[in-house]
Amino acid sequence: MTIDRAGVVTLVNAMAADLLPEVAPGVDLAACPVPALAEAAAAGSDAFETDHHGRRLRGVRRPLADDRSAWYVRDVTEEHARTDALLAERSRTAFLAEAGSRLGLSLHREQTLRTAVTLPVPYLADAAVVVHRPPPPAEDQPHWLRYAIGDPGPVTGLAGWPTVESVPGLVEALEGDLTEPSPWLDAELADLAEVLPAGFGRPGTVLISPMPSAGGPAGALVLARRRDRPGFDKREIGLAREFARRAGAALAAAELYGEQAHLARVLQNSLLPPELPRLPGMTLAGGYRAAGDSLRIGGDFYDLFPTGDGGLFALGDVCGKGVGAAVLTGRVRQSLQTLRLVEQRPRELLELLNRALLDAPDAARRAQFTTLLLGALRREPDGGLLIRVAGGGHPAPLVVRAGGGVETVRVGGMPVGALTDARFADAEVRLAPGDLLLAYTDGVTEARGGPTEPAMFGDARLRQALATGAGLPPAALVDRVLQLVDEWLDGQPHDDIAMLAVAAG
Amino acid sequence: MTPPPDRPTPAPERRIGPETLAAYLDHLDAADRTGAVALARGLVADGFSVADVLVDLVAAAQREVGRRWLTGSWSVAQEHAATHVSEQVVDALGATTGPPRRGHVVMACVEGEWHALAARIVTEVVRAAGWRVTFLGASVPARHLVSYLHQTGPDAVLLSCVQPNRLVRAARMVEASRAAGVPVLAGGPGFGPDGRWATAIGAAGWGASARDAVALLERPLSAEHTGAPPPPPDDAYVAVLHRRRELVRLALAAVDPPPDHAEDVAAGIAHLVDALIAAVRVDDDLLLRDFVGWQEEALTSRGGRAVLDEVLGTLERALTEHPRVVARLRAAREGAPADPGGAG
C-alpha cells in the first residue's frame, strides 16, 4: 500500500485489500477507520500493531522517493499466539517452580497451609481458601485458612460441616473424589461469603480443586475471582489442579513429620533432665547438653529426690548415645525412683539397682552398663551439708571450696548393670556454707576441641574453671563450665554432657 | 522507633532515674536477689511497664556491669553473680505478663554466645507486647533451632549476636531458618553498626534494642525473606572457611607465645580468623578493621600490636591465592590505630 506526500492512499495490493478492506485508494490514511494505523499515520510513526477482524496485524512504513511512502502490513496472528503461549508457559513454569521451592521449605503443617493459600494470590485468584481437616487428636471439623488481596496475612477459622456442604463440589473435593473441577458461575454462594473477606462481594468465578496426597485427601483448595476479573481458562484450571496436588503432597509430608515429631516429643519430655525441686538449706543446679541429634536426649542424666533430712541426687552416664541410650536412661531413673522408697543409703541403693538392672529379662542381650554417682545430702545444724557419695565407676566429683581450692572426692566402684558381683564404694564429704560439690559426666573432660590441634578439655581446665568460679551460685558455675566447654568444642561434635552442682546455703 | 501500642503511659518526667539505677546496682553488687526483685516489682506497681523496667533498669544496669568488668573493678565472679540476680529479676517480671494474644516467635542466641541476659530481656519485652515467645536459650546449635522450627512453625525467629566474629555462625542459622520457611529478625551489635551486615546474610530486619524488636514485629513479614539467602559475594569465602583451623595453627606457630599464654592467644587468633571469614561473607572491610582494633586492646598484655601484625602477616602469606582476602587483611593492618612500633 503506498501513500502520497499528503498521506492519501494511492495504491493497495491484493494482500493489503484482504487484510484492510476499509483502506482503499483515495482514503486519507490518518482518518482511516483502522485506529492504530490512523494514529501511526497521523503521528508520523513507522510501525503499528493491532487486532483487526480477528487477526493480529503488524505494519511498518518504508520511505519511497518524492516523499511518498509504503506500508507493509503482515498477518502475525499465529506468530503472536505462539509468543503468547510461550510467555504463558514461562510464567506458569515460574509459578510452579516458586510453588515447589516454597512448599518444600517447612515441615510444619500450619506453615505449609499458610504457604498454600498465599502463593496463588494474586497470580491465580483474588482470594484463596484451603479447607482442611486437622489430623487427630483434633476434632474432625473442617477448618479454613484464607488469604486474599488486601489481607495482611492468612486468616483462619472453623468452617463447620453445614457451610462446607452448602458449597457445591467442596465435600467431594474434601473426600478426595477427583471430580472434574470446573469453574462455576451463579451458583448459590451465600455461604462462601463467611470465609471471604468483608467487601469482597459476590465472587465472579470459583474453582475448587482437591488436594490429594498419598495418605488420602489433605484438603481442598478454593480459588475465587472477583466479578471484574475474567474466569479461569483451560490452562489456568490445569495449573490450579497441579498446584493443589503439590500443596497436598507438601501438607501430607508435614502431617507425617508432625506425627513423628509428636512421638519424639513425648519420648523426649519423659527423658529430659527434670526441673530440680527446691530443697531447704541448699541450692542445686543442673546442666545438660545432648550429643549431636536434634532430639536432644541421650545417655547422660541427673535426678534429685527429696528425703526427710535433705535429698538424694543421682548423676549417671549410660553407655551409648541417642535414643537407645536414652531409653535405658529412663529405665535406670525409673528404677531409682522406686528403689529409693525401700533403701536410701547410697551404696546399698547402688547394689539394689545393680541387681534390678541385671534381673531385667533382656539385660544380657543389651549388655549396656551405666556409670553412676548417688549422693545423700544431709543438712547440718551449722548451715553446712554432709554428703555421702556412692560411686559406680564414674568420674570422681569435685568440691570447690569458697576460698578457691578444688578437691577430688575419691569414690571408686564398678559400673552398674554389668556384673552380678560388682563392688561399689562410698565416701563422705562436708560442705561449709559457700562450698560447692560438682558431679559431672566424662562428656565434660573428654570434649575434644581447642583452637588448634584437637585435644581433650581435660581435668586441669575443668579444675581451673572451677577455681576461678569459686563462690558463684551453682547455676552460674554450671553455666560457666558449659560455656567454656562449648567454646573449647568450637562447633565440633561432642558426647552427652551432664552436670549437677550443689552448694550449702 | 515506634513505641509498642500497649505500653502504659508513664508521664515523660517519670522515667526511671539514675538514683533508682544506682540502688539497683547496689543490689547487684551485694548479689541481693530479694532486694533487686522487690525494687523491680515496686516500679511495676508504681505504673511503669514491664518493658520500661527491663529496658531502662535491668538492661541499663547490665551495661554498667559489663563496664565494671571490662575496667577490672569487678571480678568475673562478681559479674556472674550480678548477671544471675538480673536473670531472676527478668524471670520475676516475666511471670506478671498475661497470656499471649498474637503470633508465636522464637528467640535464640547465636551458637557460641553465652551472654543470654539481653536476649531474655528481649523475650520478656516482646512477650509483654502480646506475643507468644519461646526462648531457646544461650548458644543454640543450628540443628536444634531447625528441628524446633519444623515442630512448631513460628512466625519469626529473633536472633541475637553480640560479637561480629560469630557472624558466620549467625549466617548459618539464618540460612537454616529461611530454609525452614521462617524469616529472621536480627538483633545486637554483632550485626555491625546500624545492623548493616544483617541483610547481607539474609535477615529480614535488624534492631538495636528490645523495643526495636517489638517495632520490627509490628511490620508484616514477607515471604521474600525465606528460601535461599543471598549468596556470599566471593568464592574465597568457602575456601577460607575450609582452611580455618589450618590458618589458626599457622598463625599460632608464627607468634609462638609462651606456653602459659598459648591457649589465650590461640583463642584470640581463632576469633580473628572468624572475623576475617565474616568480613569476606558480608563484603565489608570495616568488620575486620574494627575487630582488629578491638583485639589490639585485648591483646595488649600478650604483646599487642606486634602480635597482631605477625598474625595478619602470616594470614596474608597463607592466602596469597585469594587477592581480595589479602587486600582485606592489608586494609585491616593499615586501618587499625597506629602504634609507635607497629604498622609498616
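Thresholds, definitions, all that
- Residues numbered from 1 in each chain as written.
- Chains lettered and ligands numbered in written order.
- Predicted model: local features only at pLDDT ≥ 70, side-chain atom pairs only at ≥ 80, totals over all residues.
- Heavy atoms only, no water.
- Helix = DSSP H or I, 4+ residues; strand = E, 2+ residues; numbered from the N terminus.
- Expected span 1.5 Å × (residues − 1).
- Buried < 20%, exposed > 50% of the residue type's maximum accessible area, 1.4 Å probe, protein only.
- Arc of directions from axis to C-beta.
- Contact = heavy atoms within 4.5 Å.
- Buried area = accessible area lost by both parts, 1.4 Å probe.
- Salt bridge = Lys/Arg side-chain N within 4 Å of Asp/Glu carboxyl O.
- Polar contact = N/O pair within 3.5 Å; in protein donor to acceptor, adjacent residues only side chain to side chain.
- 1 Å grid on protein atoms, 1.4 Å probe; cavity = no way out; pocket = protein on both sides within 12 Å on 5 of 7 lines; lining within 4 Å.
- Points joined across faces, edges and corners; volume = space filled by probe spheres on them.
- Nonpolar A, V, L, I, M, F, W, Y, C, P; charged D, E, K, R; others polar.
- Domains from an automatic or database assignment.
- Pairing = 2+ DSSP bridges.
- Axes fitted to C-alpha atoms, helices over the stretch in contact; angles between N-to-C directions.
- Patch = residues over 30% accessible without salt bridge, like charges linked within 9 Å, V, L, I, M, F, W, Y side chains within 5 Å.
- Areas by Shrake-Rupley, 256 points an atom, 1.4 Å probe, with all protein chains shown as cover.

**Re helix H1 (residues 18-29) of chain B**
All names here are of chain B. Counted at 1.5 Å a residue, the expected span for H1 with its 12 residues is 16 Å, and the 16 Å between its end C-alpha atoms agrees. By the burial criterion, the buried members of H1 are Tyr24, Leu25 and Leu28. One side of H1 carries all its buried residues, which in axial view fall inside an arc of 100°. The outward face of H1, more than 90 degrees from its buried face, is lined by the exposed residues Glu19 and Asp26. Of the residues trailing H1, Ala31 is marked for its positive phi of about 50°.

**Regarding the interface of chain A and chain B**
With 36 residues of chain A at the interface, the matching set in chain B holds 41 residues. Together, the buried faces of chain A and chain B total about 3,300 Å²; carbon and sulfur atoms form 49% of this surface. Of all residues in chain A, Leu105, Pro451 and Thr452 of chain A give up the largest surface area on contact with chain B, accounting jointly for 18% of the area buried on that side. Where chain A packs against chain B, one counts 4 salt bridges. Between the two partners, chain A and chain B, sit 12 residue pairs in polar contact (both at pLDDT 80 or more). Contributing elements (two or more residues each) for the side of chain A that touches chain B: helix H4 (109-118), helix H7 (234-271) and helix H13 (474-489) of chain A.

**As for the environment of Asp51 of chain A**
With respect to the secondary-structure elements, Asp51 of chain A resides in strand S3 (residues 47-52). A distance of 2.9 Å separates polar atoms of two side chains, one belonging to Asp51 of chain A and the other to Arg56 of chain A.

**Quick word on empty space enclosed by the protein**
Residues and elements named next belong to chain A. Here the structure, examined in full by the defined rule, presents 4 cavities of 30 Å³ or more. In this structure, the largest cavity encloses a volume near 70 Å³. Taken together, Val129, Val131, Trp144, Ala159, Thr163, Val164, Val167, Leu170, Leu192, Val195 and Val222 make up the lining of the largest cavity. Taken together, the residues of the lining of the largest cavity break down into 10 nonpolar, 1 polar and no charged.

**Side note on the domain arrangement of chain B**
Segmenting chain B into domains produces domain 1 (15-96), domain 2 (98-231) and domain 3 (236-335). Of note, the centres of domain 1 of chain B and domain 3 of chain B, computed from C-alpha atoms alone, are 37 Å apart.

**Notes on the sheet that holds S3 of chain A**
Residues and elements named next belong to chain A. Taken in spatial order, the 5 strands of this open sheet run S2-S1-S5-S4-S3, and their pairing is antiparallel. Edge strands, defined here as strands with exactly one partner in the open sheet, are strand S2 (9-11) and S3. The pairing of strand S1 (residues 2-3) with strand S5 (residues 69-75) spans 2 bridges and is antiparallel. Each bridged residue has a counterpart across the sheet, and for Thr2 the counterpart in S5 is Ala70. Here helix H2 (residues 35-43) sits on the sheet and contacts S3 and S5; the angle it forms with S3, its principal contact strand, is near 165°.

**Comments concerning a nonpolar patch on the surface**
Together, Leu267, Val323 and Val327 of chain A line one region of the surface with nonpolar side chains, adding up to about 200 Å² of accessible area. Inspection of the secondary structure puts Val327 of chain A in helix H8 (residues 322-339).

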